[in-house]
Amino acid sequence: MKFDISWLVPLAIVVLVGYLTVVPIAMMIRDSLRDANGAFGLDNYKLILTSHTSWSLIGQSVVFALGAALFGTAVGAVLAWLVERTNIPGRRIFYAAALVPLIIPGSLSTFAWVLLLSPNVGWINVVIKDITGLDKGPLNVYSMPGMMFVEGLHLSSLAFLLIAAALRSMDPSLEEAASSSGARVLTTARRITMPLLLPALASTLLLGLVRAIEGFEVPAMLGQPAHIYVLTSQIYLALNTFPINLGVVGTYSTLLFIVGAVGVILYLRLLARGGYSTVTGKGFRPRVIDLGRYRYVAFVFALFYVTLLCLLPAVIMIWSSLLPFYAAPSGEAMHLLTLSNYRTLFSDPIALQSARNSLILGLSAATIVVLLSAVSSWITARTRIKGRQLLDVAAFLPIAIPGLVLGVAMIDLYAASPLHIYGTIFVLIIAFVIRFLPYGMRASSASIVQLHTELEEAAMVSGASWLQRFRRVVLPLLRPGLFAAWIYVFIVSTREMSSAIILSSQQNIPLAVLIYNLYTNGNYTTLSALGVCMILGLSLLVALFQRLGGRPTA
């Protein structure tokens, strides 16, 4: 049988995916086993695991992540139930508003809450002080409750999406039976809907816990000024301490990676186990629950949530962007309004270069991820290559790697590499490809299993090579799923900060890192203008890509 040379492409993809995902983690673990003299052992683990400071860090990380995950899941679940199951007014508007934060970088929304809940100049605290006559605002974003609140708001959009999907696929016949028996709305929700949703709620809570414990923006921007440290902020501080002890950094990173991996494994097991069977062969349409006069109470709750999630952060950021120096909204400050921050921003070469860097990173990472995941998912679904499932595992492995940990792993791998890419934009592209490869894999795998093999077989019988079959048959059929994955990876790549903050240099700073630099330097009004432009730019780009993606191919 003649060898098809085009098969070298998928074989190269197998090697590349293994190198990208496994080697950096192996290097990080290797460094964690080295002491200051280069000898291998468990000294770093003994040092950290016997330290009271380390256990305090772990404890604070768990408290922060658990509080944020509980708050985010609870709020997201309530809004999902109201939107999917009840006759609350404005359901479509609330659904769209709950998705807006998925475009906004976490660092920007965190910064907005600094302007709203800072003890001295936060707008909400200023209003409370004016009403009550207090000398100091009672709310403090620079605290553990403040950190939980802001991170929980970030997680609530994800919780809303996951639980809304679970509610849409759940047969409401049991709820209808309870209502027919005279049960009240809240009784039905508590005794029927909640138990049926427990698997979805548990998996969402666990995913939120993992996302919060590996999060960086909130601990860095709110925790560090208040001397509240968690694992991610401690890793960042250790990397900025001279001389850098890579053994200690690697050990902290490995421990965080283990926590993330365990959480992801448990999450996947919960998804695989599922819950109660509520979808049958009989068609169903979820019945809209009439809340009666309480529908307006529900409307007020949803409106309050959207105000906290979107409206207040947007208003305060726009207001701040129009001031030469920050001041809380007031009639006296109206005469200070100016567009000077925007003029400064558009003439700043650093900001313009950062925008170009973010655009290059987003386009490059999204394109490479989609191509790698398309070929990888085809290999795992269509071939009988021994060990092909290991490719799927390797491609999914990075979902358990926190962004900051990935940055540490990339330093270990490329700082002394003969490739000389450390400190360039190429190392950032590689890091983003690794970090977001699992999302491309899930989308392409879900799409390819729905395709029948007959078209590929027909092309093969006609003499088409593997490359021709893949390019002219498989890719066009996978286009909708791959394009959705491309847009998602583009968005998250332009907002990614945790891995970029320790891999970027002065020449390749992306916008997410520039936001953090402006924040630490106290340039709040310039940062606000940058935030407004970034959100508008991302929204326009996503709308453009969706429009282009919806056009039929010739």
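Going by the structure above, here's the rest.
Computed from a prediction, not measured in an experiment: that's the story for all the values here. (Residues numbered from 1 in each chain as written. Predicted model: local features only at pLDDT ≥ 70, side-chain atom pairs only at ≥ 80, totals over all residues. Heavy atoms only, no water.)

> Can you walk me through the overall build of the chain in this structure?
Looking only at helices and strands, the chain features 22 helices and zero strands. Residues counted as buried form 50% of the 554 residues belonging to the chain. Within the chain, contacts between residues at least 6 apart in sequence are counted, and of these 77% link residues at least 24 apart. When the accessible surface of the chain is summed, it comes to about 26,300 Å², and 66% of that surface belongs to carbon and sulfur atoms. (Helix = DSSP H or I, 4+ residues; strand = E, 2+ residues; numbered from the N terminus. Buried < 20%, exposed > 50% of the residue type's maximum accessible area, 1.4 Å probe, protein only. Contact = heavy atoms within 4.5 Å. Areas by Shrake-Rupley, 256 points an atom, 1.4 Å probe, with all protein chains shown as cover.)

> How do you make sense of the packing of aromatic side chains when you look at a structure like this?
For any pair of aromatic rings, the description consists of the separation of the ring centres together with the inter-plane angle of the planes. Inspection of every chain in the model, using the stated rule, returns 15 aromatic pairs. Between Phe-432 and Phe-436 the ring centres are 6.1 Å apart and the planes differ by 70 degrees, which places this aromatic pair in the edge-to-face class. Residue Phe-432 and its partner Phe-436 are located together in helix H18 (residues 425–448), separated by four residues, close to a single helical turn. By the burial criterion, Phe-432 is buried, and Phe-436 matches it. Grouped by ring-pair contacts, the aromatic residues Phe-432, Phe-436, Tyr-439 and Tyr-488 constitute a single cluster. (Phe/Tyr/Trp six-rings, centres within 6.5 Å; stacked < 30°, edge-to-face > 60°.)

> Please clarify how the nonpolar core should be interpreted in this entry.
Generally speaking, soluble globular proteins have nonpolar side chains that are buried together. In terms of nonpolar packing, the biggest core is built from 158 residues, with Trp-113, Leu-222, Ile-235, Met-410, Ile-501, Ile-502 and Leu-503 touching the most fellow members. Per element, the largest residue contribution to this core is 12 residues, and it comes from H18. Non-local contacts of Ile-235, meaning those with residues more than four positions away in its chain, are made with Val-249, Tyr-252, Ser-253, Leu-256, Leu-404 and Val-408. Grouped together as the second largest cluster of nonpolar side chains are five residues, Ala-65, Ala-68, Leu-155 and Ala-212 included. (Core = buried A, V, L, I, M, F, W, Y, C linked by side-chain atoms within 4.5 Å.)

> Explain the pattern of salt bridges here, please?
As a working rule, side chains carrying opposite charge can pair if their charged atoms are close by. For the structure shown, the criterion picks out two salt bridges. For the salt bridge of Asp-31 with Arg-30, the shortest nitrogen-to-oxygen distance reads 3.1 Å. Overall, Asp-31 belongs to the buried group, its relative accessible area being 8%. Using a relative accessible area of 28% as the deciding quantity, one classes Arg-30 as partly exposed. For Glu-496, the salt bridge goes to Arg-435, with nearest N and O atoms at 3.1 Å. Linking Glu-496 in the loop between helix H20 (466–495) and helix H21 (511–520) with Arg-435 in helix H18, this pair joins segments that are 61 residues apart in sequence. Comparing Glu-496 with Arg-435 shows no difference in burial state: the two are buried. (Salt bridge = Lys/Arg side-chain N within 4 Å of Asp/Glu carboxyl O.)

> Whenever I open this one, the environment of Leu-397 confuses me. Can you help?
Within the secondary structure layout, Leu-397 lies in the loop between helix H16 (388–396) and helix H17 (403–414). In the structure, Leu-397 is positioned 136 residues away from Ala-261 in sequence and 8.2 Å away in space, judged by C-alpha atoms. In this view, Leu-397 contacts Thr-21 and Phe-257; residues no more than four positions away in its chain are not counted.

> Would you explain helix H5 (residues 106–117) in this entry?
A rise of 1.5 Å per residue sets the reference length of H5, with its 12 residues, at 16 Å; its end C-alpha atoms lie 16 Å apart and thus fit the reference within 8%. Within H5, 12 of the 12 residues are buried, leaving the element largely enclosed by the surrounding structure. (Expected span 1.5 Å × (residues − 1).)

> Can you help me understand the side chain of Ser-373 in this one?
Summarising the element assignment, Ser-373 is placed in helix H15 (residues 349–382). Given a relative accessible area of 0%, Ser-373 falls into the buried group. Only 3.1 Å separates the side chain of Ser-373 from the backbone oxygen of Val-370, close enough to count as a polar contact. Here Ser-373 is in contact with Leu-437, Gly-440, Met-441 and Ser-444, once residues within four sequence places are set aside. (Polar contact = N/O pair within 3.5 Å; in protein donor to acceptor, adjacent residues only side chain to side chain.)

> Is there a simple way to think about the packing of H5 against helix H13 (residues 295–321) in this case?
Any two packed helices are characterised by how steeply their axes cross, that is the angle between the axes, and by the distance between the axes. H13 packs onto H5 with a crossing angle of 75 degrees between their chain directions and a minimal axis gap of 9 Å. Regarding the angle of H5 to H13, the classification is roughly perpendicular. Contacts from Leu-108, Phe-111, Ala-112, Trp-113, Leu-115 and Leu-116 of H5 reach H13 at Leu-308, Leu-312, Pro-313, Ile-316, Met-317 and Ser-320. By residue class, the composition of the contact of H5 with H13 is 11 nonpolar, one polar and no charged. (Axes fitted to C-alpha atoms, helices over the stretch in contact; angles between N-to-C directions. Parallel < 35°, antiparallel > 145°, perpendicular 65-115°, else oblique. Nonpolar A, V, L, I, M, F, W, Y, C, P; charged D, E, K, R; others polar.)

> Is there a simple way to think about a nonpolar patch on the surface in this case?
On the surface, a cluster of nonpolar side chains totalling about 240 Å² of accessible area is made up of Leu-8, Leu-11 and Ile-385. The residue Ile-385 is located in the loop between H15 and H16 in this model. (Patch = residues over 30% accessible without salt bridge, like charges linked within 9 Å, V, L, I, M, F, W, Y side chains within 5 Å.)

> Help me out: how do you make sense of H17 in this one?
An α-helical turn contains 3.6 residues, so any two residues separated by three or four positions project in the same direction. Taking 1.5 Å per residue as the helical rise, H17 with its 12 residues ought to reach 16 Å, and the 16 Å between its terminal C-alpha atoms agrees with that figure. Counting buried residues in H17 gives 12 out of 12 residues, a clear majority hidden from the surface. Of all the positions in H17, only Gly-403, Leu-404, Val-405, Leu-406, Gly-407, Val-408, Ala-409, Met-410, Ile-411, Asp-412, Leu-413 and Tyr-414 are classed as buried.

> Just to check I follow, could you spell out the environment of Val-405 for this structure?
Among the structural elements, Val-405 can be located in helix H17. A relative accessible area of 0% means that Val-405 is categorised as buried. Considering only alpha carbons, one finds Val-405 and Leu-255, 150 residues apart in sequence, at a separation of 9.7 Å. In contact with Val-405, not counting residues within four places along its chain, are Met-28, Ser-253, Leu-256 and Phe-257.

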